[in-house]
Amino acid sequence: MNSATDTLALQNLTKIFKIKTGAFRHADLKAVDEVNISIAPGRTLAVVGESGSGKTTLARLILRLIEPTGGTVLLENTDITALQGTALEARRGRMQIVFQDPYDSLSPWQTVGRTVAEPLILHQNLSMQQASEPVARMLERVGLSPEHAKRYPHELSGGQAQRVGIARSMITNPALVVLDEPTSSLDMSVQSQILLLLQSLQEEMNISYLFISHDLTVVRYIAHDLAVMYLGKVVESGPASQVFASPRHPYTEALLKAAPRPDPSYKTDHVYLVGEQPTALDRAAGCPLYGRCPIAEDVCADTPQQLVEIEARHRVACWKRT
Amino acid sequence: MTPLLKVHGLEVEIEGLPILRGVDMEVRQGEILGVVGETGAGKSMTARSILDLLPSAATVSFRVCTFGGRDFIPAKERQQARGHRIGFVPQRPRGSLNPVFRVGTQLSDTLRRLRGMGRREAKGEALDLLRSVRITDPKRVYRSYPHELSGGMCQRVCIAIALAGEPELIIADEPTTGLDVTIQAEMLKLLGDVIIEHNAAGMLITHDLGVVADVCDRVAVMYAGRVVNLGSTDEIYRAALHPYANQLVSIATSLDSGGTPREIPGRVPNPGDELAACAFAPRCFRAETDCFEQEPPLVDINGQQAFCHHAITTEALPL
């Protein structure tokens, strides 16, 4: 399934956190459980799931902000989980992140110019002076003016601050940008401005996006491919249009049915899943959705199902739907 | 039919900055009114003015404010109604419960204060209320501390507390923000159901047009401290008169249908910014000189109201 040209390929990526449950007792929390996904250049893969599904842990593993328990992360065919020291630092400029909260992710003490220049200073050993021209160009590219370089974050609106975050992430000309809910704290009229900007930057620079979100409306628009996560496992993946048109995993179905749509004649299905999401600690041995799933059978309780390809590139891990 | 709540010409100023600049809206008996708008539009401030929960630095004035036929302008009237006749569901459920008291204590204390119940009676009623918000094991939840409950469960408890005074109106301020999609859907259904079951009306503040379409009968669209468009949900989504409301809906629907998102150029003004006669004029594709110079008139077509010089009165969308 992976091809040599992929920007990013994850192979059985796993992260287990040891959780203290007593004085001498630990439990294993599988935050990310054998995830295999890949992104081609210039494409967007959206990772969708609710809180506790492991999407943020996945992003941190990919950027190697935390160490995986197992599996590999191939960034442009280099296994970055094996890199150390300067070799790793040299790769860091190729992968960047845009955070959810635009203000929290900018230093209040630094000017916008300094913030955007930082990756160049760090990864390409430029001086502040050498960086100033590319910074000005980048600011213009994201819809700000070079004048903004002198401003501080508190002088910016939410949309402008997020543009700064995007400029910072793109200035090293990265191969991969992780977008962690980049529009969820923005107002709707601004949200669409940012989506359009991200899309045109992708076309221009051929960047791959890993787009983390729980907002299916936004995902529907921006994603080429989709991976749905539940309690650390990818339960369904495939071309976004196909997954949206015919979701196969009951959890994907539930997510789509529960999302309210801006259409008064549309009837949201309010209670499709039973009960609340457990934590990854108390998850069933078989399917993670077991216990909430309306179509589960005995086999689902203790035998995990692997992702099975049901149509071209459309994979689902469900005993009942494969 | 006289509306349950009628607000006319509501103005709020904080340290000289105008926050609300003449809000007009009404909530009818038995309906759920959605209040939508972007950050800083004044949605929460409107709710807080009605509940008299504004910071002390704020000065409030109404031209008209009545609730169930009573004059609601004196702050004392509004204070007395809070909790009793008007229930409030907050935005951050866990943050608004007291972390050091059990949920049951907080609920039964509310009942004892609002309805003068004795200790035992209050406990019985509290358990009934927890049951009425579809909590399957009310005794366990009654004994729990907020940190032991999930976000969705805390929100159920907050809805139960809002119901404690047998209110005629429930104001919910972004009740599902921060909840997961599947929990959000359950919560909206619950809120809609309990409002009907308790013969109350609702005011739902949100920035999510999907949420409004799901549960609201009518919508008030706010911009820069004013309601600019008010009408039935169907009408507003089909053909909003005000260009701002119209574009907001078309952004949401274009995204939803997988099309290219439309954008509104510019940004929402901050309090204290100098505003044109119509605050939306600088961002509006229909604006002409009159929009900058003269107060926009009230347009009323088939019960849908908008303040606009150039309301979109034809079916065809000009975008």
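What counts and what doesn't
- Residues numbered from 1 in each chain as written.
- Chains lettered and ligands numbered in written order.
- Predicted model: local features only at pLDDT ≥ 70, side-chain atom pairs only at ≥ 80, totals over all residues.
- Heavy atoms only, no water.
- Helix = DSSP H or I, 4+ residues; strand = E, 2+ residues; numbered from the N terminus.
- Rg over C-alpha atoms; globule rule 2.2 N^0.38 Å.
- Buried < 20%, exposed > 50% of the residue type's maximum accessible area, 1.4 Å probe, protein only.
- Pairing = 2+ DSSP bridges.
- Core = buried A, V, L, I, M, F, W, Y, C linked by side-chain atoms within 4.5 Å.
- Contact = heavy atoms within 4.5 Å.
- Buried area = accessible area lost by both parts, 1.4 Å probe.
- Salt bridge = Lys/Arg side-chain N within 4 Å of Asp/Glu carboxyl O.
- Polar contact = N/O pair within 3.5 Å; in protein donor to acceptor, adjacent residues only side chain to side chain.
- Axes fitted to C-alpha atoms, helices over the stretch in contact; angles between N-to-C directions.
- Disulfide = S-S within 2.5 Å.

Draft legend 1. Spatial organisation of the overall build of chain A. Across its full length, chain A holds 10 helices and 13 strands. Relative to the 2.2 N^0.38 estimate, which gives 20 Å for 322 residues, the radius of gyration of chain A is 21 Å and therefore close to what a compact globule would have. Across its three principal directions, the C-alpha atoms of chain A cover 65 × 50 × 45 Å. Sorting the 322 residues of chain A into buried and exposed places 53% on the buried side.

Draft legend 2. Examining the pairing of strand β5 (residues 64-67) of chain B more closely. Residue and element names in this part refer to chain B. Burial of the side chains of β5 is restricted to one face: C65 and F67 are buried, whereas none of V64 and T66 on the reverse face is. The pairing of strand β1 (residues 5-14) with β5 spans four bridges and is antiparallel. Note on β5: the bridge partner recorded for H8 is V64. The pairing of β5 with strand β6 (residues 70-71) spans two bridges and is antiparallel. Counted as the bridge partner of T66 is D71 from β6.

Draft legend 3. Examining the nonpolar core more closely. Of all hydrophobic cores here, the largest spans 70 residues; its most connected members are I159(B) and L204(B). In terms of residue count, helix α7 (residues 151-163) of chain B provides more of this core than any other element does, eight residues in total. Ignoring anything within four residues of it in the chain, the contact list for L204(B) reads I32(B), L33(B), G34(B), V35(B), A172(B), P175(B), L188(B), L191(B), V211(B), V215(B) and C216(B). L120(A), L197(A), F211(A) and C293(A) belong to the second-largest nonpolar core, a separate cluster that totals 63 residues.

Draft legend 4. Layout of the interface of chain A and chain B. At the junction of the two partners, chain A supplies 32 residues and chain B supplies 39 residues. By the criterion of area lost to chain B, the three top residues of chain A are M188(A), P262(A) and H270(A), representing 21% of everything that side buries. Between R261(A) and D256(B) there is a salt bridge; the shortest N-O distance is 3.0 Å. Where chain A meets chain B, there are 10 residue pairs in polar contact (both at pLDDT 80 or more).

Draft legend 5. Structural detail: the sheet that holds strand β11 (residues 226-232) of chain B. Residues and elements named next belong to chain B. Strand order in the open sheet formed by eight strands is β7-β8-β9-β3-β10-β11-β13-β12, with mixed pairing between adjacent strands. The outermost strands of the open sheet, each flanked by one partner alone, are β7 (86-89) and β12 (298-301). Sheet twist, expressed as the mean angle between neighbouring strand axes with direction ignored, is 20°. Across five bridges, the pairing between strand β3 (residues 32-36) and strand β9 (residues 201-206) is parallel. The residue of β9 that forms the bridge with V35 is I205. The sheet contacts of helix α1 (residues 43-50) involve β3, β7, β8 (169-173), β9 and β10 (218-223), and relative to β9 the element is tilted by about 145°.

Draft legend 6. Up close: the state of the cysteines. Counted under the stated rule, the structure contains zero disulfides over all chains. Between C318(A), a free cysteine, and C293(A), which holds the nearest cysteine sulfur, the sulfur-to-sulfur gap is 6.2 Å. C284(B) forms no disulfide, and the closest cysteine sulfur to it belongs to C308(B), at a distance of 6.2 Å. For C284(B), a relative accessible area of 16% puts it in the buried group.

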